[in-house]
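Survey of secondary and tertiary structure
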Amino acid sequence: MNVNYITDSYGKQSAVIVPIAEWKEIMESLVKMKRKIEILTGLKEAVEEVNMAKEGKLKLKSFKEFLDEN
C-alpha cells in the first residue's frame, strides 16, 4: 500500500493520503465485511433462538406469523 502521512509541526501524524484506487478497494472490502458480519450475526441469533425454544424458554413463531411481521 502506497500511503503518505501528513504530520504537524511536532512530527505527530495527523492524516493519511491514500491513492484513490487503493481507497476504493479498502471501501469495497469494508462493505463486504459488514455484510458478512450482518449475516453471521443473524445466524447466531437464529441458533440462540432455536436453542431457547428447545429449552422451552421461547415460543417460536409460525411461518405465517414470521411473514406477517411488519
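Residues numbered from 1 in each chain as written. Predicted model: local features only at pLDDT ≥ 70, side-chain atom pairs only at ≥ 80, totals over all residues. Heavy atoms only, no water.

Now for the pairing of strand 1 (residues 4-7). Bridging between strand 1 and strand 2 (residues 13-17) involves 4 bridges; their strand directions are antiparallel. Residue pairing for strand 2: Tyr5 is matched across the bridge by Val16. Turn length for the strand 1-strand 2 hairpin, with the two strands adjacent in sequence and antiparallel, is 5 residues, and the turn residue Gly11 shows positive phi of about 85 degrees. (Pairing = 2+ DSSP bridges. Helix = DSSP H or I, 4+ residues; strand = E, 2+ residues; numbered from the N terminus.)

A few words now on helix 1 (residues 20-54). Quick reminder: α-helices carry 3.6 residues per turn. Residues three or four places apart thus point the same way. Its 35 residues give helix 1 an end-to-end C-alpha distance of 51 Å, which sits within 8% of 51 Å, the value for a rise of 1.5 Å per residue. Backbone geometry just after helix 1 places Gly56 at a positive phi near 80 degrees. (Expected span 1.5 Å × (residues − 1).)

With that settled, consider the pattern of salt bridges. Enumeration according to the criterion identifies 5 salt bridges in this entry. The partner of Lys61 in a salt bridge is Glu69, and the shortest N-O contact between them spans 1.8 Å. By relative accessible area, which is 38% here, Glu69 ends up partly exposed. Ionic pairing is found between Lys64 and Asp68, a salt bridge with its closest N-O pair at 2.8 Å. (Salt bridge = Lys/Arg side-chain N within 4 Å of Asp/Glu carboxyl O. Buried < 20%, exposed > 50% of the residue type's maximum accessible area, 1.4 Å probe, protein only.)

What follows covers a nonpolar patch on the surface. Together, Met1, Ile20, Trp23, Ile26, Met27, Leu30 and Met33 make up a nonpolar patch on the protein surface, roughly 710 Å² of accessible area in all. Relative to the assigned elements, Ile26 resides in helix 1. Ile26 gets classed as partly exposed once you look at its relative accessible area, which sits at 31%. (Patch = residues over 30% accessible without salt bridge, like charges linked within 9 Å, V, L, I, M, F, W, Y side chains within 5 Å. Areas by Shrake-Rupley, 256 points an atom, 1.4 Å probe, with all protein chains shown as cover.)

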